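Spelled out, the chains give:
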Amino acid sequence: MTDMIEKIKLTEKAYLAEKRLVFGEFRKNRLAISGLLLIAVLCFLAMFAPEIAPHDPLAQKLDSRLLSPSSEYPFGTDELGRCIFSRVVYGTRVSLGIGLLVVAATSIAGTVLGLLSGYMGGFLDEAIMRGVDIVMAFPNIILALVIAGLLGPGFSSVVLALALTQWPVYARLVRGQVLSLRKRAFVEAARALRPSSFYIMRKHILPNCMGPVIVLGTLEIAHVIIFAAALSFLGLGIQPPDPEWGSMLKAGIPYLRTAPQLTFFPGLMIIFTVFSFNFAGDGLRDSFGQPANQEVLAR
Amino acid sequence: MWKYIAKRLAMVSIVIAGVTFIAFSAMYFAPGDPAEVIALARYGEDLSASQIGTLREAEGLDAPVHIQYLIWVGHLLRLDLGKSLVTSEDVLAEILQKLPATAKLAIASLLVSFLIALPAGILSALRKNSLLDRGCMFVSLVGVSIPNFWLGLLLIWLFALTLHMFPSFGYGSLKHFVLPALTLGTSLAAVTARLTRASLLEVLGQEYIVAARARGLDEHTILFRHALKNALLPVITFAGMQFGYLLGGAVIVETIFSWPGIGKLLVDSIFARDFSMIQGCVLFIAVLFSLSSLAVDILYAVLDPRIRYDRHD
């Protein structure tokens, strides 16, 4: 009996060792490393926003409205004389905050549901997967738009709307992983020895699903940040005067001709942020050796 | 084959049933009593309790929620989506009136995306790891990261406000199509190009291509007669998902360019708290998307017989 358990551990170890190579690969992957460096820069901006920003992001100065970039105002000023650079820097906090919160919540919930669905099968599987299908029947941003719009604008509505609509991707991904892992020898052997499903899911299946979930989570942060900015851009998310990139873009539209810096810089910052996470996610995916996932790409 | 279609049909009906439930409950996402919110939307701030009471009765909001849902579904089955709470227009008629604008924009955007993505993806795959390939893939990664609302504003700034080449909003002539279709199409192209490249690379590595080379066929014949046919299959079926992307993106692009389509209708009715119009739009979009996915799945199974066996996950 103990002999058997040892053997199972060995096969799983071999499997994990194969996976561990991934991190060696990752270090060699310049794409992924530069993505992570860019993310580090963003986190730095968010953490030290008060030190980096030269002005108070909310301070209005009506005699210096719509100024072009200068040494005092690196990105110029907006229609109320606020420093665009300071607002963009503070905006990092909002966008990263929404991205991390939503991805943390949805990846955990989606993973648990995917595990249950894939491992238990039967009616539970059917029920969870039809739930996934129903939420995914609303393309792209449509459902989040309606939920956030009707809940009323604000940070918590945006987070809630995105969390309620983004979990199915993880559930679907993890379920697929579980179905293929179940056929692995070490899982079958463990099932023969240990009847507790919970133990097997926690000890053998979950750790082996984490790689793809991390890749998806990284790419999802990028999506969530774009979606959140889109909601604010439409006027259904974060509201002025709070510094948020999407709502700054919206506020800049009337001044597009005379003061394009109002829309230019917040947009560049969204692109930089989203690009960093996409870059890192792509690099991670390459080092995990996963094929490009259509569904992830499509969103 | 028929069994596969029957199974997909059954699944889609369950999904659509679920979709009606979510669309119906949209009314209860908003904080507060729906009757009061509707009354506010219709009569403005100055409300009396009796006005709200009459409205509650007239709209059937005094019945228990599950009865309201059943009544609503009953109307749905007769293709009656109700009337707008704000303008009293028929919801379905309003949506159908806006449909052509959205459909035309979607088709134009799809064309733009294919015109950019197919050549870029095919060239990248043929010259794998060359400077061209790396360049294309880098540009497409940047492309995926550009939010379409920003791209739209940038195009307006450049082509409408600075160069005065195209109008920045409105609908009608061919010129009006250029900027919205470019906005929606280029962001889609980034994804399609990556998919085309990946798919063609996979096909080019297969044995029948090696066999074709061994038979001495020239590269041109191999690419156009043998490889592309199979490589483009996933790209075409991906159109189902692209369609979803277009519907979602339409919301934003139509709002920026004041395009009179369903996306703008949805956003406007959210602002107006026009519940029946919101329900109608959401339901219409979701059903359209589900049916198009179903059609694509069936088409895929017809075109590629292998699918029927291994696509039952």
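Source: prediction; values computed, not measured. (Residues numbered from 1 in each chain as written. Chains lettered and ligands numbered in written order. Predicted model: local features only at pLDDT ≥ 70, side-chain atom pairs only at ≥ 80, totals over all residues.)

A look at the overall build of chain B
And then number 1: When its secondary structure is counted, chain B shows 14 helices and zero strands.
And then number 2: Summarising its shape, the C-alpha atoms of chain B cover approximately 85 × 60 × 30 Å along the three principal directions.
And then number 3: Among the 313 residues that make up chain B, the fraction classed as buried is 38%.
And then number 4: Considering only contacts within chain B whose residues lie at least 6 apart along the sequence, 70% involve residues at least 24 apart. (Helix = DSSP H or I, 4+ residues; strand = E, 2+ residues; numbered from the N terminus. Buried ≥ 20, exposed ≤ 12 C-beta atoms within 10 Å, placed from the backbone. Contact = placed C-beta atoms within 7 Å.)

A short note on the overall build of chain A
And then number 1: Per the secondary structure count, chain A includes twelve helices and zero strands.
And then number 2: Counting from the amino terminus, chain A carries its helices and strands in the arrangement α-α-α-α-α-α-α-α-α-α-α-α.
And then number 3: Relative to its 299 residues, chain A shows a buried fraction of 48%.
And then number 4: If you take every contact in chain A between residues at least 6 apart in sequence, the share linking residues at least 24 apart comes to 71%.

Details of the packing of helix α4 (residues 84-120) of chain A against helix α5 (residues 122-136) of chain A
All names here are of chain A.
And then number 1: Across the interface, α4 lies against α5 with an axial gap of 7 Å and an inter-helix angle of 140 degrees. In terms of orientation, α4 lies oblique with respect to α5. With respect to the hand of their crossing, α4 and α5 are arranged in left-handed fashion. Each of L113, L116, S117 and M120 in α4 lies in contact with α5, whose residues at this interface are G122, L124, D125, I128 and M129.
And then number 2: Partitioning the contact of α4 with α5 into residue classes produces six nonpolar, two polar and one charged. (Axes fitted to C-alpha atoms, helices over the stretch in contact; angles between N-to-C directions. Parallel < 35°, antiparallel > 145°, perpendicular 65-115°, else oblique. Left-handed = near helix turned anticlockwise from the far one by under 90°. Nonpolar A, V, L, I, M, F, W, Y, C, P; charged D, E, K, R; others polar.)

A closer look at the confidence of the model for chain B
And then number 1: Summarising the model, chain B shows a mean pLDDT of 85, and 97% of its residues fall at 70 or more.
And then number 2: Interface predicted TM-score (ipTM) for the complex: 0.87; the corresponding pTM is 0.88. (pLDDT = per-residue confidence, 0-100.)

Side note on unusual backbone geometry
And then number 1: For the bond running from P240 of chain A to P241 of chain A, omega is 10 degrees, close enough to zero to count as cis.
And then number 2: Mapped onto the elements of the fold, P241 of chain A is located in the loop between α9 (197-234) and α10 (245-252).
And then number 3: The phi dihedral of S88 of chain B is positive, around 65 degrees, even though this residue is not glycine.
And then number 4: Looking at where S88 of chain B falls in the secondary structure, it is placed in the loop between α4 (65-77) and α5 (91-126).
And then number 5: At N129 of chain B, a position not held by glycine, the phi torsion is positive, near 65 degrees.
And then number 6: Position of N129 of chain B among the secondary structure elements: in the loop between α5 and α6 (131-145).

A short note on helix α7 (residues 148-162) of chain B
And then number 1: Between the first and last C-alpha of α7 of chain B there are 20 Å, a value that for 15 residues agrees with the 21 Å anticipated at 1.5 Å per step.
And then number 2: Within α7 of chain B, the axis deviates most sharply at I156 of chain B, by approximately 30 degrees.
And then number 3: Looking at α7 of chain B, one finds that the buried residues are N148, F149, W150, L151, G152, L153, L155 and I156 of chain B.
And then number 4: Looking at the buried residues of α7 of chain B, the elements they touch are α9, α10 and α11 (261-288) of chain A together with α8 (174-204) and α11 (239-256) of chain B.
And then number 5: Residue H164 of chain B follows α7 of chain B closely and has a positive phi angle near 55 degrees. (Expected span 1.5 Å × (residues − 1). Bend = angle between axes of the 7 residues up to and from the residue.)

Quick notes on the interface of chain A and chain B
How big an interface is tends to be reported as the loss of accessible area on association of its parts.
And then number 1: Contacts between the two partners involve 42 residues from chain A and, on the opposite side, 45 residues from chain B.
And then number 2: Broken down by secondary-structure element, the contributors of at least two residues to the side of chain A that touches chain B are α5, α6 (142-151), α9, α11 and α12 (294-297) of chain A.
And then number 3: Among the elements that make up the side of chain A that touches chain B, the one with the highest residue count is α11 of chain A (nine residues).
And then number 4: Class assignment of the residues belonging to the side of chain A that touches chain B gives a composition of 30 nonpolar, eight polar and four charged.

Focus: the packing of α5 of chain A against helix α7 (residues 155-182) of chain A
Residues and elements named next belong to chain A.
And then number 1: Where α5 contacts α7, the two axes come as close as 9 Å, and the packing angle between them is 135 degrees. Between α5 and α7, the crossing angle belongs to the class labelled oblique. For the pair α5 and α7, the sense of crossing is left-handed. For the pair α5 and α7, contact is made by I128, V132, V135 and M136 and by T165, P168, A171 and R172, respectively.
And then number 2: Looking at side-chain class alone, the contact of α5 with α7 contains six nonpolar, one polar and one charged residues.

Side note on the confidence of the model for chain A
And then number 1: With 87% of its residues at a pLDDT of at least 70, chain A reaches an overall mean of 85.
And then number 2: This model gives residues 291-299 of chain A a pLDDT under 50, and the stretch forms 17 contacts once residues within four places in sequence are excluded.

Thoughts on the environment of G249 of chain B
And then number 1: Within the secondary structure, G249 of chain B is located in helix α11.
And then number 2: The spacing of G249 of chain B and G263 of chain B is 14 residues in sequence and 8.3 Å in space, taken between C-alpha atoms.
And then number 3: Each residue touching G249 of chain B, except ones within four places of it in the same chain, is listed here: N140 of chain A together with N148, L184 and S187 of chain B.

Focus on α7 of chain A
And then number 1: End to end, α7 of chain A covers 40 Å across 28 residues, agreeing with the expected 40 Å (1.5 Å per residue, within 8%).
And then number 2: Residue L164 of chain A marks the point of greatest curvature in α7 of chain A, where the axis turns by about 30 degrees; the proline P168 of chain A follows within four residues.

A few points about the environment of E244 of chain A
And then number 1: Secondary-structure assignment places E244 of chain A in the loop between α9 and α10.
And then number 2: Remark: the alpha-carbon pair of E244 of chain A and I214 of chain A, spanning 30 residues in sequence, is separated by 26 Å.

Re the environment of G91 of chain A
All names here are of chain A.
And then number 1: Positionally, G91 belongs in helix α4.
And then number 2: The buried category is assigned to G91, around which 29 C-beta atoms lie within 10 Å.
And then number 3: Along the chain, G91 and M248 lie 157 residues apart, while their C-alpha atoms are 9.4 Å from each other.
And then number 4: Ignoring anything within four residues of it in the chain, the contact list for G91 reads P243, E244, W245, M248, P266 and M269.

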